Amino acid sequence: MIRATTLNDIPTIQQIAQVSWNDTYKDIIPENIQKLFLEKAYSPMMIAKRIEKTIFLIAEYKGEAIGFANFTYVDEDGDAELTAIYVLPEFQKMGYGRKLLEAGVNHMSIGKQLFVYVESKNERARIFYEHYGFECLEEFDEYFEGHPLSTAKYLFPLKTPAY
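What you see is a predicted model; the values in this text were computed from it and never measured.

Draft legend 1. Summary view of the overall build of the protein chain. Helix and strand counts for the protein chain come out as 5 helices and 7 strands. Going from the N terminus to the C terminus, the protein chain shows its helices and strands as β-α-α-α-β-β-β-α-β-α-β-β. Computed over C-alpha atoms, the radius of gyration of the protein chain comes to 15 Å, within 12% of the 15 Å expected from 2.2 N^0.38 for 163 residues, which places it in the range of a compact globule. By its C-alpha atoms, the protein chain is 50 × 40 × 30 Å across when sized along the principal axes. Across the protein chain, the fraction of contacts at a sequence separation of at least 24, relative to all contacts at a separation of at least 6, is 61%. With an accessible surface of roughly 9200 Å², the protein chain has 53% of that area assigned to carbon and sulfur atoms. Charged side chains in the protein chain number 17 positive and 24 negative. The centres of these two groups are separated by 5 Å.

Draft legend 2. The arrangement of the sheet that holds strand E1 (residues 2–4) in detail. Spatially, E1-E2-E3-E4-E5-E7-E6 is the arrangement adopted by the 7 strands of the open sheet, whose pairing is mixed. Single-partner strands in this sheet number two, and they are E1 and strand E6 (135–144). When strand polarity is set aside, the average angle formed by the axes of neighbouring strands in this sheet is 30 degrees. Two strands pair when backbone bridges link them, and strand E5 (residues 113–119) and strand E7 (residues 147–157) are joined in this way by 7 bridges, in the antiparallel orientation. Looking at the pairing, Gln113 lines up with Pro157 of E7. This element, helix H4 (residues 96–107), spans E1, strand E2 (55–61), strand E3 (64–73), strand E4 (80–87), E5 and E7 of the sheet and lies at about 145 degrees to E2.

Draft legend 3. Representation of the side chain of Gln34. Among the secondary structure elements, Gln34 is positioned in helix H2 (residues 31–41). Taking relative accessible area as the criterion, Gln34 reaches 2% and is therefore assigned buried. With near-sequence residues (within four places) excluded, Gln34 lies in contact with Trp21, Asn22, Tyr25, Lys26 and Ile29.

Draft legend 4. Local environment of the layout of surface pockets. As a volume, the largest pocket reaches approximately 1200 Å³. Lining the largest pocket are 42 residues; nearest its centre among them are Ile85, Tyr86, Asn122, Ala125 and Tyr129. With 8 residues, the top contributor of residues to the lining of the largest pocket is helix H5 (residues 123–132).

Draft legend 5. Summary view of the environment of Val105. Checked against the element boundaries, Val105 lands in helix H4. A relative accessible area of 10% means that Val105 is categorised as buried. Sequence separation of Val105 and Asp9 is 96 residues, and the distance between their C-alpha atoms is 21 Å. Contact partners of Val105, with chain neighbours within four places excluded, come to Phe71, Leu114, Phe156 and Leu158.

Draft legend 6. Spotlight on unusual backbone geometry. Even without being glycine, Lys62 reaches a positive phi, approximately 50 degrees. As for its position among the elements, Lys62 is in the loop between E2 and E3. Owing to a relative accessible area of 72%, Lys62 belongs among the exposed residues under this scheme. Here the phi dihedral of Lys93 falls at roughly 65 degrees; this positive angle occurs in a residue that is not glycine. Position of Lys93 relative to the elements: it lies in the loop between E4 and H4.

Draft legend 7. Inspection of the packing of aromatic side chains at higher detail. According to the stated counting rule, one finds 19 aromatic pairs in the structure shown. With centroids separated by 4.4 Å and ring planes inclined at 50 degrees, the aromatic side chains of Trp21 and Tyr25 adopt a geometry described as tilted. Highlighted residues: Trp21 and Tyr25, both in helix H1 (residues 10–25), separated by 4 residues, approximately one helical turn. In this structure Trp21 comes out as buried when scored by relative accessible area, which is 4%.

Each value, and the rule that gives it
- Residues numbered from 1 in each chain as written.
- Predicted model: local features only at pLDDT ≥ 70, side-chain atom pairs only at ≥ 80, totals over all residues.
- Heavy atoms only, no water.
- Helix = DSSP H or I, 4+ residues; strand = E, 2+ residues; numbered from the N terminus.
- Rg over C-alpha atoms; globule rule 2.2 N^0.38 Å.
- Contact = heavy atoms within 4.5 Å.
- Areas by Shrake-Rupley, 256 points an atom, 1.4 Å probe, with all protein chains shown as cover.
- Lys, Arg positive; Asp, Glu negative; His and termini not counted.
- Charge placed at Lys NZ, Arg CZ, Asp CG, Glu CD.
- Pairing = 2+ DSSP bridges.
- Axes fitted to C-alpha atoms, helices over the stretch in contact; angles between N-to-C directions.
- Buried < 20%, exposed > 50% of the residue type's maximum accessible area, 1.4 Å probe, protein only.
- 1 Å grid on protein atoms, 1.4 Å probe; cavity = no way out; pocket = protein on both sides within 12 Å on 5 of 7 lines; lining within 4 Å.
- Points joined across faces, edges and corners; volume = space filled by probe spheres on them.
- Phe/Tyr/Trp six-rings, centres within 6.5 Å; stacked < 30°, edge-to-face > 60°.

Listed below in structure tokens is the structure:
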């Protein structure tokens with residue numbers, strides 16, 4: 001089941017983010033950099049703000065939260081960004097990521113395009129997005145919490161409403 005996130009979900013979101021990040025980035029981003037990022041991006045205050053101002057969804061299995069996705073509009077035209085999508089490792093490849101993605105896309109009634117930024121070495125994520133129909137627009141180097149990374153920018157066209 002996919003549902004909206006509530007403030008009661010904050011501790012669970014923090015746990016899912018930590019487990020997923022450690023699993024996904026263990027050979028890509030040093031542990032201290034992961035910890036620094038997670039403490040900032042998934043502090044209770046930041047999560048509460050994201051719940052209030054963005055599309056923030058939870059995936060559940062037998063009543064337990066096992067993943068989440070966060071979407072936000074980035075401009076007045078309705079362009080949007082998928083800022084996070086994480087599913088606990090033991091529930092990956094079971095369709096929950098797809099369900100979260102589809103539910104988020106269905107919530108965006110005004111958008112024309114959805115962007116997502118993926119660490120270039122994160123092959124699992126790249127395969128997931130490409131399978132769903134995202135197109136890689138570019139790759140660029142950047143610093144993430146002071147650590148050099150290569151990032152791939154993906155685009156997914158959203159349905160535009162009929163006028």
